[in-house]
Structure formats: structure tokens, C-alpha cells
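In case you want the letters, here they are:
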Amino acid sequence: MIDSIEALEAIYGLPHERAVRKQIGFLNEDYQAMVRLSPLVMISSLGADGLDNSPRGDAPGFVRIIDQNTLALPDRPGNNRIDTLRNVLHDPRVSLLFIIPGIGETLRVNGTATISADPELLESFAVNGKPAKTVLRVTVEAAFFHCSKAFVRSDAWNPQTHLPRSALPSAGAFHKRLNDGQFDAETYDREAPKRVRDSLY
């Protein structure tokens, strides 16, 4: 078992100077460009009940750049677990990972968050006449890009490696197993496309 920083560094050595220099305390021009092009963000948070990592997705640029130190992330209708929001009330620290389809590099932003329910701000994020439920304002403390090795290794953007949805049980089948078989999986799956489409915003 590795139980010390010294033991880790004996295996990995010290980070390359470039890996250190790429971390800055604000969003420079390049990092802002990545935010604007990203339609998918993973957000990590820590609460009283433990860790959470949740996806957030919308049209590219849905995360608004207020300034080089501040981001605004709208929250849309979901399953109402609101794990991220509960966690932020307990511990404001969050970490965002911005992903751009087809691009190997990703952007990580670490910072602290507050939750806003200001009506004017919510309305400014409206889609199809429906305002955001809340808006997460993130104060940037550290930002840096990750190289493309993870996506090169995984070959994730190669359409030839993409699996058909039938490779896994359906969402209805998941629910049925989790409810000891007492769930109408067929109806759930049949109605899913319309349900998802009608509840996006």
C-alpha cells in the first residue's frame, strides 16, 4: 500500500514544469474558448453524505463566462435529487470538467460555488420560454487543461467503437431490477423519448 507522498513520488517522480505552469488562477483566452465550445460538463462536489459527480449538458456555451474569475451554470429540470446543490450548501468547493466532443483536451476548473435563485438571472438562461431552476455561480480558483491521452487510450470519439444502446439493459430494465421486478419497464421505455423531450427544460 502506498501511504505517503514520498512513496508516490518515488514511483512517478515530480511533475513536468509544463504540467505545473498550465495551472492558473483564472480563465485566460484559451480556457475561455474551451468553456464556450463545451456542451458537456462534469461537476464534482462534496457533501455531508459523501461525494457526487454529475453531468450537465446543453448547447455549447451554456456555461456563461461572467468574467475571467466567474462562471454561471444553469440548472435544468431533473430527478430532483439535487445532490450537487445540497453538497454546495454543505461545502462550496466544486470541480468542473469541460468536455468537447471530438477534442482530446479537457478543461478542469476548481473553485467555490454559490446557488442563485435571482429571477432576472434565471430568466436570462431561459430556453423555450422556461427559465433555469437555479444558477450555480462558480468563483474560479484554479484552471488547467488535461492532455488528450485519456481520449486517445479510450478511443471514445471513434464512431466505430460506439456501442448500440442494446449492449446494456434499458433504463426501464434498470428500474425494474432495482424495484424487485415490480415496475412496468416496457411502458417506461416506450414513453421515454417523449418524456425526455418534453422535460428537457
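Keep in mind the model is a prediction, meaning the values are calculated, not measured.

Caption draft 1: Representation of helix α3 (residues 29-37) in the model. Those residues of α3 lying buried are Y31, Q32, M34 and V35. All buried residues of α3 fall inside an arc of 155° around its axis, so they share one side. In α3, the exposed positions angled more than 90 degrees off the buried face are occupied by E29, D30 and L37. Tucked inside the fold, the buried residues of α3 contact β3 (64-67), β4 (70-75), β5 (93-99), β6 (106-116) and β7 (134-146).

Caption draft 2: Spotlight on the sheet that holds strand β1 (residues 40-47). One open sheet accounts for 7 strands, arranged β2-β1-β5-β6-β7-β4-β3; its pairing is antiparallel. The open sheet has two free edges, formed respectively by β2 (50-57) and β3, since each of these has just one partner strand. With strand direction ignored, the average angle separating the axes of adjacent strands in the sheet is 30°. When β1 meets β2, the two strands line up antiparallel, connected through 8 bridges. Opposite G47, over in β2, you have G50 as the bridge partner. Contacts from helix α4 (residues 83-90) reach β1, β2, β4, β5, β6 and β7, with the element oriented near 45° to β1.

Caption draft 3: Looking closely at empty space enclosed by the protein. The final tally for this structure, using the stated rule, is 1 cavity of 30 Å³ or more. In this structure, the largest cavity occupies an estimated 40 Å³ of space. Lining the largest cavity we find I43, R56, L73, P74, D75, T84, L85, T134, V135 and L136. For the lining of the largest cavity, the elements supplying multiple residues, two or more each, are β4, α4 and β7. In terms of residue class, the lining of the largest cavity is made up of 6 nonpolar, 2 polar and 2 charged.

Caption draft 4: A look at the packing of aromatic side chains. Evaluated as defined, the whole model comprises 3 aromatic pairs. With centroids separated by 4.9 Å and ring planes inclined at 10°, the aromatic side chains of F151 and W157 adopt a geometry described as stacked. Taking NZ or CZ as reference, K22 lies 5.0 Å from the ring centre of F145, over its face. Above the ring of Y188, the side-chain terminus of R195 is found at 3.9 Å from the ring centroid.

Caption draft 5: Highlighting the pairing of β6. Across 6 bridges, β5 lies against β6 in antiparallel orientation. When the bridges of β6 are listed, L97 appears paired with R108. Where β5 folds back on β6, the antiparallel hairpin that results is connected by 6 residues, among which G102 adopts a positive phi of roughly 90°. Pairing geometry for β6 and β7, over 11 bridges, is antiparallel. For L107, the partnering residue across the bridge sits in β7 and is F145.

Caption draft 6: Just unusual backbone geometry, in detail. Phi at N128 is positive, roughly 55°, even though this residue is not glycine. The topology assignment puts N128 in the loop between α5 (119-124) and β7. The exposure class of N128 is exposed, given its relative accessible area of 66%. Backbone geometry at D180 places phi at a positive 55°, although glycine is not the residue there. With respect to the element layout, D180 can be found in the loop between α7 (171-178) and α8 (185-198).

Caption draft 7: Quick peek at the environment of A185. Along the chain, the position of A185 falls in helix α8. Along the primary structure A185 and L96 are separated by 89 residues, whereas in three dimensions their C-alpha atoms are 34 Å apart. Beyond its immediate sequence surroundings of up to four residues, A185 is in contact with G172, A173 and K176.

Conventions adopted
- Residues numbered from 1 in each chain as written.
- Predicted model: local features only at pLDDT ≥ 70, side-chain atom pairs only at ≥ 80, totals over all residues.
- Heavy atoms only, no water.
- Buried < 20%, exposed > 50% of the residue type's maximum accessible area, 1.4 Å probe, protein only.
- Helix = DSSP H or I, 4+ residues; strand = E, 2+ residues; numbered from the N terminus.
- Arc of directions from axis to C-beta.
- Contact = heavy atoms within 4.5 Å.
- Pairing = 2+ DSSP bridges.
- Axes fitted to C-alpha atoms, helices over the stretch in contact; angles between N-to-C directions.
- 1 Å grid on protein atoms, 1.4 Å probe; cavity = no way out; pocket = protein on both sides within 12 Å on 5 of 7 lines; lining within 4 Å.
- Points joined across faces, edges and corners; volume = space filled by probe spheres on them.
- Nonpolar A, V, L, I, M, F, W, Y, C, P; charged D, E, K, R; others polar.
- Phe/Tyr/Trp six-rings, centres within 6.5 Å; stacked < 30°, edge-to-face > 60°.
- Lys NZ or Arg CZ within 6 Å of the ring centre and 35° of its normal.

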